[in-house]
Amino acid sequence: MSLGAPVRRMPTGSQLGDCLTDLLGRQVTATLQTAELGTGDPSGLTCGVLIDEEGHVGGACIADAAAAAYAGAALAMIAKPVADEAIAAGALTTTLTDNFSEVVNILTGLVNTPIHDHLRTGGVEAGIPDSVRDLLIKAAGRTTFAIEVAEYGAGRIALFAR
């Protein structure tokens, strides 16, 4: 009888904070949250869809408007007021979306392991796409963090993986 692969490991707050600090070139703190992001109202959320080698949805990186805008802006040293305007408007600019997609791409490294299907970024969308909804209910790996990007601001980000 096969027991199957163990549950995919999910990052700690320290691992996520260190990864984002290295990527963004500024201090980022990440604190584990008990309330999940992404399982309720999808308005104001941005979803990075993680796919396996066959193109099936295997995970998601979901951020509220603030986390996506601040991370996307900090990545390219875009001024904080640009991120603040996107948050107030309720929609990321094309540049902030592209930059957040790169952040998601790097964060996949925190959930990839040698014993699980390799995940990669399959795109970033506003809200929660239908292809991800079932995963959010069934994902064995799930964790939500409050993040603070130095000189930008705070938001919430969640990682889900089957």
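All of these numbers come straight from a predicted model, not from anything done at the bench. Think of each chain on its own: its residues are numbered from 1, step by step along the sequence as written. Local features in this predicted model are restricted to residues whose pLDDT is 70 or higher, and side-chain atom pairs enter the listing and the counts only when it is 80 or higher, whereas totals over whole chains, interfaces and linings include all residues. Water and hydrogen atoms play no part in the side-chain values, which are based on all heavy atoms of the structure.

Chemist: Help me understand the environment of Ala67 in this model?
Modeler: Here Ala67 is to be found in helix α2 (residues 65-75). Setting aside residues no more than four positions away along its own chain, Ala67 makes contact with Ile147, Gly155 and Arg156. Put simply, DSSP marks the helices as runs of H or I at least four residues long and the strands as runs of E at least two long, and each gets a number from the N terminus on. It only takes one pair of heavy atoms within 4.5 Å for two residues to be counted as in contact.

Chemist: When you look at the sheet that holds strand β2 (residues 45-51) in this model, what are you seeing that I'm missing?
Modeler: For sheets, the rule is that strands pair by backbone hydrogen bonds, running either parallel or antiparallel. A strand pair is defined by DSSP finding two or more bridges across the two strands. If you trace the 6 strands from one edge of the open sheet to the other, you get β1-β5-β6-β3-β2-β4, paired in antiparallel fashion. Only two strands of the sheet have a single partner each, and these edge strands are β1 (28-33) and β4 (120-126). Strand-to-strand twist of the sheet, defined as the mean angle between neighbouring strand axes without regard to direction, takes the value 25°. In this sheet, strand β3 (residues 57-64) lies alongside β2 in antiparallel orientation, the contact comprising 7 bridges. Of the residues in β3, the one forming a bridge with Gly48 is Cys61. Interaxial angles span 0 to 180 degrees and are taken between N-to-C directions of axes, which are lines fitted to C-alpha atoms, for helices over the stretch in contact.

Chemist: Explain unusual backbone geometry here, please?
Modeler: Apart from glycine, the bulk of residues carry a negative phi angle, and the bulk of peptide bonds sit in the trans form. Despite not being glycine, Met77 shows a phi value in the positive range, around 55°. With respect to the helices and strands, the residue Met77 is situated in the loop between α2 and α3 (80-89). Burial classes follow relative accessibility: with a 1.4 Å probe on protein chains only, a residue under 20% of its type's maximum area counts as buried, one over 50% as exposed, and anything between as partly exposed. Owing to a relative accessible area of 68%, Met77 belongs among the exposed residues under this scheme. Non-glycine residue Glu151 carries a positive phi angle of around 70°. Along the chain, Glu151 falls in the loop between β5 (141-149) and β6 (153-161). The class for Glu151 is exposed, based on a relative accessible area of 68%.

Chemist: Looking at this structure, I do not really get the packing of aromatic side chains. What am I missing?
Modeler: Centre distance and the angle of the planes are the two values used to describe a pair of aromatic rings. Two rings from Phe, Tyr or Trp (for Trp, the six-membered ring) form a pair when their centres sit within 6.5 Å of each other. Planes less than 30 degrees apart are called stacked, planes more than 60 degrees apart edge-to-face, and all others tilted. Counted under the stated rule, the structure contains 1 aromatic pair. Relative to Tyr152, the ring of Tyr70 lies with its centre 6.3 Å away and its plane at 55°, an arrangement referred to as tilted. Highlighted residues: Tyr70 in helix α2 and Tyr152 in the loop between β5 and β6, separated in sequence by 82 residues. Overall, Tyr152 belongs to the buried group, its relative accessible area being 7%.

Scope: geometric values only; no functional claims are made or implied.
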